Amino acid sequence: MLRIVYANLGYSRDIDGSIGHHVRRVHHHVFTTRRVQLRSLGLVRERLRELKPDLSCFAEIDKGSLNNGFFDQVGALAEAHHTTVRIDNKYGAGRRFRRLSVSRGKSNAFLASRPLTYVARYLSWGKKRLVYDIDISGIRVLMAHLSLRYRIRGLQLAELARWVAESDKPTVVIGDFNLFRGVGELRPLLADGRLVHANAHSGPTFRLGPYRAALDICLLSQDLRDRCQVTILDQPYSDHQMIQLDIADAEPGGEMLETPVLVAADAEAA
């Protein structure tokens, strides 16, 4: 079995999305102490030890920014069995941020305990553009965090659909898609019938006070549909929930290879 987990960590600000947390901990958006970050990251680490995933993917993790005292959060999650630890700025590999920039350090990341190959790719549109393109145990995994802006998000989804079509491997597309206008936005990815929405009936994954929405999405190619199980797990340290994906009969991992970073040209920010 191959186990994948995905979570938006909310930069480990220890805000669960409730009104009480947003009011009492609003200062965490400006600056989060290392103690608070380590408390949240400790809970993530304990969850990973319990689940023992082969691949753990994270959105909204900090590589070190003004808001968090320049603390690299992935180091608090990585352990000796992780053979690959990767963290990249989600705004574009070609961008250089000044030390006091609010965008500095804002990243996506993954940890893996099996051999894999991967490419860090950047969408042509938007501000949040990083997509990890990972091949692990015969499964292709695309992990993304998409724009908050509807028009830009549509362009990103269409480009993701083109990337999915590049390969006929069993495929997982997972991440925070910010589908504030509903699952109809997934049409570019679902139109040809190759992918199915695996957590369509699993309920909301995001909370903001009384508001609930299914923003975190897991799509599977049809050849994985009957051998996958998706579970939604609560996160008390984030306003997003975690997705656990178990895939039966995955191939053993191959040799890990060095892979390039693909950078798209700068485009309209979102």
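Calculation notes
Residues numbered from 1 in each chain as written. Predicted model: local features only at pLDDT ≥ 70, side-chain atom pairs only at ≥ 80, totals over all residues. Heavy atoms only, no water. Helix = DSSP H or I, 4+ residues; strand = E, 2+ residues; numbered from the N terminus. Buried < 20%, exposed > 50% of the residue type's maximum accessible area, 1.4 Å probe, protein only. Contact = heavy atoms within 4.5 Å. Areas by Shrake-Rupley, 256 points an atom, 1.4 Å probe, with all protein chains shown as cover. Polar contact = N/O pair within 3.5 Å; in protein donor to acceptor, adjacent residues only side chain to side chain. Pairing = 2+ DSSP bridges. Axes fitted to C-alpha atoms, helices over the stretch in contact; angles between N-to-C directions. 1 Å grid on protein atoms, 1.4 Å probe; cavity = no way out; pocket = protein on both sides within 12 Å on 5 of 7 lines; lining within 4 Å. Points joined across faces, edges and corners; volume = space filled by probe spheres on them. Expected span 1.5 Å × (residues − 1). Arc of directions from axis to C-beta.

Visitor: I'd like to hear about the overall build of the chain, residue by residue, with values.
Guide: Helix and strand counts for the chain stand at four helices and 14 strands. The buried share of the chain, reckoned over its 270 residues, is 55%. Taking as baseline every contact in the chain between residues at least 6 positions apart, the subset at least 24 positions apart corresponds to 71%. Accessible surface, the chain: about 11,700 Å² in total, of which carbon and sulfur atoms supply 54%.

Visitor: Which residues make up the environment of Glu79, and what are the values?
Guide: With respect to the helices and strands, the residue Glu79 is situated in the loop between β2 (55-62) and β3 (84-89). Once the C-alpha coordinates of Glu79 and Ser113 are considered, the two residues, 34 residues apart in sequence, prove to be 9.5 Å apart. Discounting chain neighbours no more than four positions away, the residues touching Glu79 are Arg45 and Arg49. At 2.8 Å, the side chain of Glu79 and the side chain of Arg49 are in polar contact.

Visitor: So what's going on with the sheet that holds strand β6 (residues 130-136)? Residues and values would help.
Guide: With respect to topology, six strands assemble into an open sheet ordered β5-β6-β7-β8-β12-β9, the strand pairing being mixed. In the strand order of this sheet, the two ends are held by β5 (117-122) and β9 (195-197), each with one partner. Neighbour to neighbour, the strand axes of the sheet diverge by 20° on average, direction disregarded. Summarising the sheet, β9 and strand β12 (residues 216-221) pair through three bridges and their orientation is antiparallel. Paired with Val196 across the bridge in β12 is Leu220. Packed onto the sheet, helix α3 (residues 150-164) meets β5, β6, β7 (139-145), β8 (171-176) and β9 and runs at close to 170° relative to β7.

Visitor: If you had to explain the layout of surface pockets to someone new, which residues and values would you point to?
Guide: There is about 500 Å³ of room inside the largest pocket. For the largest pocket, the lining is made up of 26 residues, of which Tyr11, Arg13, Glu60, His145 and Leu148 are closest to its centre.

Visitor: Got a sec to walk through the pairing of strand β1 (residues 2-8)? Specific residues and values, please.
Guide: For β1, the tally of buried residues reaches seven of seven residues, placing the bulk of the element in the interior. Burial of β1 is two-sided: the residues Leu2, Ile4, Tyr6 and Asn8 facing one way and the residues Arg3, Val5 and Ala7 facing the other way are all buried. Of the strand pairs in this sheet, β1 and strand β14 (residues 242-247) are connected by five bridges, and their pairing is antiparallel. By the bridge assignment for β14, Tyr6 is matched with Ile243. Two strands pair when backbone bridges link them, and β1 and β2 are joined in this way by five bridges, in the parallel orientation. Bridged to Ala7 within β2 is Phe58.

Visitor: Explain α3 to me, and be specific about the residues and the numbers.
Guide: Given a rise of 1.5 Å per residue, 15 residues ought to cover 21 Å, and the 21 Å separating the end C-alpha atoms of α3 matches this to within 8%. All of the buried residues in α3 are Ile152, Arg153, Gln156, Leu157, Glu159, Leu160, Trp163 and Val164. Down the axis, α3 shows its buried residues gathered within 165° of arc, on one side only. On its buried face, α3 is in contact with β5, β6, β7, β8, α4 (187-190) and β9.

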